[in-house]
Amino acid sequence: MPFADLSSDIRASAPDLRGRLLANQELSGLTWFRVGGPAQILFTPADEDDLAYLLSKLPEDLPVTVIGLGSNLIVRDGGIPGVVIRLGGKAFGEIALESGDRLRAGTAVPDVKVARAAADASLDGLAFYRGIPGSIGGALRMNAGAHGGETTDVLVSVRGVTRKGEIVTLSHAEMGFTYRNSAASTRDVIFTSALFQGRPGDQADIQAEMDRVTQAREAAQPIKERTGGSTFKNPDGGKAWKLIDAAGCRGLRVGGAQVSEMHCNFLINTGGATAADVEGLGEEVRRRVKENSGFDLQWEIKRLGVAG
Ligand SMILES: Cc1cc2nc3c(=O)[nH]c(=O)nc-3n(C[C@H](O)[C@H](O)[C@H](O)COP(=O)(O)OP(=O)(O)OC[C@H]3O[C@@H](n4cnc5c(N)ncnc54)[C@H](O)[C@@H]3O)c2cc1C
């Protein structure tokens, strides 16, 4: 059942909008899991001012959701009501080197490109981004990290737009980073660019580190599958994958969704899974882990939208 088409109302209240506004746009193709329903409105802003303009004109009670490269998302089968914003590479895809061993990146830039640009400039400290398949926007929101590095270690400041359409700069402290989370998102800021601090390094060493990261991932993670990466956060005092394994969930299936045989904190869409299959499988894993070990696993993957 499609959502009501809000596009003419939005265009009427924001006549100078320059970005692309589409009603009832399927989102499944924009997520790694390849499941889920449409966005009521999908908006791709022309640039930061266009984004700020739209947000300043939208009714306050209309929900706004931002998505990145969809590598940490389950979009539910009923889709996402309100306006879904996806930043395009044209306006938000720049990378620039700055003085003091710093690098600025738009939030649509894939993490891997930041790792490569830093390596090309002999800047050390950002190689961990090599294997994370999201965008910088998602990395800021999730405090993404791997192989001993995480976003909080290298982030100086972030530019973004608030729900009311104000352009703001957030310091590292204001980002409120914790394990796989940033509290800044609770203030409804859409991040538009980030400034990173590197340190001078040896290009060959950085490249070797990136190669190590790539090999480690290919050996240990189902990176070619339709997945959302690590499903649950590691709880204090435990590793999610070990708890899931110990609860007998490796390979467990619900509909077309399966716990990966290769890495059991990864869920996989084996082909015809619905979002309800994937989320239902995750909840069943949580239930079994709780029963087996007492640990209450918390979702790392973001689940957005409404049931089908
Ligand atoms: C195979 C695989 C391996 C992975 N390995 C790792 C890993 O090693 N380490 C790790 O940390 N993660 C890993 N992930 C998870 C995922 O890649 C990261 O969480 C990534 O940072 C998500 O970025 P994204 O652009 O895909 O965000 P999305 O999945 O699109 O969104 C994630 C969250 O970020 C928010 N968001 C996105 N863009 C913005 C923005 N511009 N402003 C504000 N909020 C925004 C969204 O609203 C949502 O809440 C893996 C995923 C996969 C599929």
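Residues numbered from 1 in each chain as written. Predicted model: local features only at pLDDT ≥ 70, side-chain atom pairs only at ≥ 80, totals over all residues. Heavy atoms only, no water.

*Asks:* I tried to follow the nonpolar core on my own but got confused; where do I start?
*Replies:* Generally speaking, soluble globular proteins have nonpolar side chains that are buried together. By size, the foremost hydrophobic cluster in this structure holds 33 residues, and its most contacted members are Tyr 129, Ile 136, Met 175 and Phe 196. When residues in this core are grouped by element, the largest group, five residues, is from helix H4 (residues 111–120). Residues contacting Tyr 129, with those up to four places away along its chain left out, are Asp 111, Val 112, Val 114, Ala 115, Ile 136, Ala 139, Ala 144, Thr 151, Val 154 and Phe 196. Phe 33, Leu 243, Ala 273 and Leu 281 belong to the second-largest nonpolar core, a separate cluster that totals 23 residues. (Core = buried A, V, L, I, M, F, W, Y, C linked by side-chain atoms within 4.5 Å. Buried < 20%, exposed > 50% of the residue type's maximum accessible area, 1.4 Å probe, protein only. Helix = DSSP H or I, 4+ residues; strand = E, 2+ residues; numbered from the N terminus. Contact = heavy atoms within 4.5 Å.)

*Asks:* How should helix H2 (residues 48–57) be read in this particular structure?
*Replies:* Given 3.6 residues to a turn, an α-helix orients residues that are three or four positions apart in the same direction. Most of H2 sits inside the fold, with seven of its 10 residues counted as buried. Looking only at H2, the buried set comprises Glu 48, Asp 50, Leu 51, Ala 52, Tyr 53, Leu 54 and Leu 55. N-cap assignment for H2: the residue whose side-chain oxygen lies 3.2 Å from the backbone N of Asp 49 is Asp 47. (Polar contact = N/O pair within 3.5 Å; in protein donor to acceptor, adjacent residues only side chain to side chain.)

*Asks:* Looking at this model, I keep getting lost on the sheet that holds strand S17 (residues 227–230). Mind explaining?
*Replies:* Two modes of strand pairing occur in sheets, parallel and antiparallel, and in both the strands are linked by backbone hydrogen bonds. The four strands are arranged S17-S20-S19-S18 in an open sheet whose pairing can be described as antiparallel. Each edge of the sheet is formed by a strand with only one pairing partner; in this case those strands are S17 and strand S18 (253–254). Here strand S19 (residues 257–259) runs beside strand S20 (residues 266–269); their pairing, made up of three bridges, is antiparallel. Bridged to Ala 257 within S20 is Asn 269. Against the sheet, helix H10 (residues 275–293) engages S18, S19 and S20, with an angle of about 30° to S19. (Pairing = 2+ DSSP bridges. Axes fitted to C-alpha atoms, helices over the stretch in contact; angles between N-to-C directions.)

*Asks:* In this structure, what is going on with the site of the ligand? I would like to understand it.
*Replies:* Inspection of the region around the ligand gives 35 residues, with Val 66, Ser 71, Ser 135, Gly 145 and Arg 217 positioned closest. In this structure, Val 66 approaches the ligand through a main-chain N or O atom, which is 2.6 Å from an oxygen atom. When the ligand is considered free in solution it has 970 Å² of accessible area, and contact with the protein chains removes 96% of it. Put simply, the parts of the chain that give the shell around the ligand at least two residues each are strand S3 (64–67), helix H5 (136–142), strand S9 (145–146), strand S15 (190–197) and S17. No other element matches H5, which puts five residues into the shell around the ligand. Here the residues of the shell around the ligand sort into 17 nonpolar, 14 polar and four charged. (Near = heavy atom within 4 Å. Areas by Shrake-Rupley, 256 points an atom, 1.4 Å probe, with all protein chains shown as cover. Nonpolar A, V, L, I, M, F, W, Y, C, P; charged D, E, K, R; others polar.)

*Asks:* Help me out: how do you make sense of the pairing of strand S2 (residues 38–44) in this one?
*Replies:* Every regular strand shows the same layout, with side chains that alternate between the two sheet faces. Most of S2 sits out of view: seven of its seven residues are buried. Relative to S2, strand S1 (residues 20–26) runs antiparallel, the two sharing six bridges. Directly across from Gln 25, in S2, lies its bridge partner Ala 39. Across four bridges, the pairing between S2 and strand S5 (residues 80–86) is parallel. The partner of Ile 41 across the bridge, within S5, is Val 83.

*Asks:* Would you mind showing me how to read the pattern of salt bridges here?
*Replies:* Pairs may arise between side chains of opposite charge once their charged atoms sit close together. Inspection of the entire model under this criterion finds 16 salt bridges. Between Arg 303 and Glu 279 there is a salt bridge whose closest N-O contact spans 3.1 Å. Note that Arg 303 is positioned in strand S21 (residues 302–304) and Glu 279 in helix H10, a separation of 24 residues in sequence. With its nearest N and O atoms 2.8 Å apart, the salt bridge here joins Arg 286 to Asp 296. Of this pair, Arg 286 sits in helix H10 while Asp 296 sits in the loop between H10 and S21, and the two are 10 residues apart along the sequence. Classification of Asp 296 as partly exposed rests on a relative accessible area of 41%. A cluster of three or more residues bridged by salt bridges with shared partners is formed by Arg 76, Glu 279, Glu 283, Arg 286, Asp 296 and Arg 303. (Salt bridge = Lys/Arg side-chain N within 4 Å of Asp/Glu carboxyl O.)

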